[in-house]
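Geometric and topological summary
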Amino acid sequence: MFKRRTLMAALATCLLISPFAQAEYKKEYTVSTVLPSAFPWGQAADKWVELVRERSEGRINMKIYSNSQLVSGDQTKEFSAMRSGLIDMAVGSTINWSPQVPELNLFSLPFLMPDHAAIDAITEGEAGKAVFKGIEKRGVTPLAWGENGFRQLSNSKKKIDKPADLKGLKIRVVGSPLFQDTFTALGANPTQMSWADAKPALTTGAVDGQENPISVFDVARIDQVGQAHLTRWGYMADPLVFGVSTRVWRQFSPEDQKLLKQAAIDAGKWEKEKSRSELKSTLARIKERGITVTDLTPEQHAAFVKATESVYKKWTPRIGEALVKQAQEAVANRN
Ligand code: X2X
């Protein structure tokens, strides 16, 4: 009897301490972002870190490294660095991770998502789950969605309201080949470069234009480097993904995994609402600075859609026919 009780006690102790209680947590987990705290993107990461610190009572400490500094400014290397465990966590853009996760190119298909409800219909539905599977398959555990925003086109030369206006314009694009194809289809002259190189290239006139959400245009003061014309064509939006290197993820107890995930969901929801609610005042501020802001008529919009059709033909097979269809249906049936 005594022996049995001792055995049970030993077993209980074993269950209590293993395997997680033995795993020592790091003193600090690195969190990579491209944009810092002045931007909605950085605020999403700040919120996540803050919620995790509070809810874990300081047991889990995360530290943000912005401006892609953990990958020497090359934001397209962030995903690989996370996968290999060089970076523990990140709040990353679908664009920057798309070279390693083809499914993420979905969001870059021109004019797929007409409004915020369309983004939500994709991310919160079956298509979003399929995209998360694509991320997971490649070594990163995705936890929640945030938002960089609808990307609008600016340039230093002229008002743009039809594809022909883009002819020959040198446009800085992010490091994803799909963007090269979109701008080539429009007759522009796209150049891929990192965010770190973008503002200097605009300043020197090495490029004529760029595309980014208006929150980025505003906070980074893109108007001050001669970008006097802004076209609100909303041709794509890049959601943000809160992710953890799967190697690191496995070291957390199931309770802490839950905590990290819920905090990411809450931070993402908070950031999406906040950044969407700020759009109106941001636009007003940009207009006050004397920027020409152009909105497209339905006919002008249709001309851009038509001019970029070839991008779908080339990229749908790479992204996955089923996933693109699923996303298009989600958009068509959105609330
Ligand atoms: O480089 C950009 O344009 C930025 C900051 O929007 C991204 O990282 C996708």
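Attention here is on the structure that accompanies the text. This is a predicted model, so every value here is computed, not measured.

Re the overall build of the protein chain
When helices and strands are counted, the protein chain shows 14 helices and 10 strands. The C-alpha atoms of the protein chain give 22 Å as radius of gyration, which agrees with the globular expectation for 335 residues (20 Å, within 12%). With the C-alpha coordinates of the protein chain rotated into their principal frame, the extents come out at 90 × 40 × 35 Å. When each of the 335 residues of the protein chain is scored for burial, the buried share is 54%.

Topic: the site of the ligand
Taken together, 13 residues lie near the ligand, and Gln 75, Asn 96, Arg 151, Arg 172 and Asn 212 sit nearest. At 2.9 Å, a side-chain N or O of Arg 151 approaches an oxygen atom of the ligand. Residue Asn 212 places a side-chain N or O atom 2.7 Å away from an oxygen atom belonging to the ligand. Surface burial for the ligand is 100%, taken as the share of its 270 Å² of free accessible area covered by protein chains. Per-class residue counts for the shell around the ligand are 5 nonpolar, 5 polar and 3 charged.

A closer look at the pairing of strand β4 (residues 140-155)
The buried fraction of β4 is high, at 16 of 16 residues. Pairing geometry for β4 and strand β9 (residues 237-245), over 9 bridges, is antiparallel. Along β9, the bridge assignment pairs Phe 150 with Ala 237. Alignment of β4 against strand β7 (residues 209-213), held across 5 bridges, turns out to be antiparallel. By the bridge assignment, Asn 155 is partnered in β7 with Gly 209. In this sheet, strand β8 (residues 229-232) lies alongside β4 in antiparallel orientation, the contact comprising 3 bridges. What sits directly across from Asn 155, in β8, is His 229.

Concerning empty space enclosed by the protein
Taken as a whole, this structure holds 1 cavity of 30 Å³ or more when the rule is applied. In this structure, the largest cavity spans a volume of roughly 100 Å³. Lining the largest cavity are 15 residues, with Trp 41, Gln 75, Asn 148, Arg 151 and Asn 212 sitting closest to its centre. For the lining of the largest cavity, the residue count by class is 7 nonpolar, 5 polar and 3 charged.

Considering the environment of Ser 281
As for its position among the elements, Ser 281 is in helix α11 (residues 254-288). Once the C-alpha coordinates of Ser 281 and Glu 28 are considered, the two residues, 253 residues apart in sequence, prove to be 37 Å apart.

Brief notes about the packing of helix α13 (residues 309-319) against helix α14 (residues 321-332)
Where α13 contacts α14, the two axes come as close as 6 Å, and the packing angle between them is 110°. With respect to their mutual orientation, α13 and α14 come out roughly perpendicular. Between α13 and α14, the residues in contact are Tyr 312, Thr 316, Pro 317 and Ile 319 and Glu 321, Leu 323, Val 324 and Gln 328, respectively. Looking at side-chain class alone, the contact of α13 with α14 contains 5 nonpolar, 2 polar and 1 charged residues.

Some details on the packing of aromatic side chains
Following the criterion strictly, the structure yields 13 aromatic pairs and no others. Here the aromatic rings of Trp 233 and Tyr 235 are separated by 4.2 Å at their centres, their planes lie at 25°, and the arrangement is stacked. Geometrically, the ring pair formed by Trp 233 and Phe 304 is edge-to-face, given 5.5 Å between the ring centres and 80° between the ring planes. Of the two residues, Trp 233 is situated in the loop between β8 and β9 and Phe 304 in helix α12 (residues 298-307); the sequence distance between them amounts to 71 residues. Ring pairs connect the aromatic residues Phe 111, Phe 179, Phe 183, Trp 233, Tyr 235 and Phe 304, which therefore count as one cluster. Over the face of the ring belonging to Trp 315 we find Arg 318, whose NZ or CZ atom lies 4.4 Å from the ring centre.

With respect to the side chain of Asp 165
Residue position: Asp 165 is located in the loop between β4 and β5 (170-173). Within the local environment of Asp 165, its side chain forms a polar contact with the backbone nitrogen of Asp 161, the two atoms lying 2.8 Å apart. Filtering out sequence-adjacent residues up to four positions away, Asp 165 remains in contact with Lys 158, Lys 159 and Ile 160.

Comments concerning the pattern of salt bridges
The full count for this structure, using the stated rule, is 24 salt bridges. The partner of Asp 161 in a salt bridge is Lys 162, with the nearest N and O atoms 3.8 Å apart. Look at Asp 161 and you get buried, because its relative accessible area is 16%. Classification of Lys 162 as partly exposed rests on a relative accessible area of 42%. Residue Arg 232 pairs with Asp 295 through a salt bridge whose shortest N-O separation is 2.8 Å.

What counts, and where the lines are drawn
- Each residue is numbered by its place in its chain's sequence as written, counting from 1.
- Per-residue local features of the predicted model are confined to residues with pLDDT of at least 70, and side-chain atom pairs are confined, for both listing and counting, to 80 or more; whole-chain, interface and lining totals are unaffected and use all residues.
- Hydrogens are left out, water is left out, and the side-chain values use all remaining heavy atoms of the structure.
- The numbering of helices and of strands both runs from the N terminus, where a helix is a DSSP run of H or I of at least 4 residues and a strand a run of E of at least 2.
- Here the globule rule reads 2.2 Å times residues to the power 0.38, and the radius of gyration is calculated from C-alpha atoms.
- Buried residues are those whose accessible area, probed at 1.4 Å on protein chains only, stays under 20% of the maximum for their type, while exposed residues exceed 50% and partly exposed ones sit between those limits.
- Any residue with a non-hydrogen atom lying within 4 Å of a molecule or strand is treated as near it.
- For the purposes of these results, a polar contact is taken to be a pair of N or O atoms within 3.5 Å, where, inside protein, one atom must be able to donate a hydrogen and its partner to accept one; residues adjacent in sequence count only when each atom of the pair is a side-chain atom.
- For every accessible area listed, the method is Shrake-Rupley and the probe measures 1.4 Å; residues are considered covered only by the protein chains on display.
- For this scheme, ten residues count as nonpolar: Ala, Val, Leu, Ile, Met, Phe, Trp, Tyr, Cys and Pro. Four count as charged, namely Asp, Glu, Lys and Arg, and the remainder, Gly too, count as polar.
- By this definition, two strands are paired if DSSP reports at least two bridges between them.
- Using protein atoms alone on a 1 Å grid, points that fit a 1.4 Å probe yet trap it form a cavity, whereas open point sets bounded by protein on both sides within 12 Å along at least five of seven lines form a pocket; residues with an atom within 4 Å of a point count as lining.
- Grid points are joined across faces, edges and corners, and a volume is the space filled by probe spheres set on the points.
- For every element, the axis is a line fit to its C-alpha atoms; helices are fit only across the contacting stretch, and the angle between N-to-C directions ranges from 0 to 180 degrees.
- When describing relative orientation, an angle under 35 degrees is termed roughly parallel and one over 145 degrees roughly antiparallel, while 65 to 115 degrees is termed roughly perpendicular and anything else oblique.
- Contact between two residues is taken to exist if any of their heavy atoms lie within 4.5 Å; hydrogens are not considered.
- For Phe, Tyr and Trp, rings pair up if their centres lie within 6.5 Å, where Trp contributes its six-membered ring, and each pair is then called stacked (planes under 30 degrees apart), edge-to-face (over 60) or tilted (otherwise).
- Definition used: whenever NZ (Lys) or CZ (Arg) falls within 6 Å of the ring centre and also within 35 degrees of the ring normal, the charge is taken to sit over that ring.
- Here, a salt bridge means any side-chain nitrogen of Lys or Arg that lies within 4 Å of a carboxyl oxygen of Asp or Glu.

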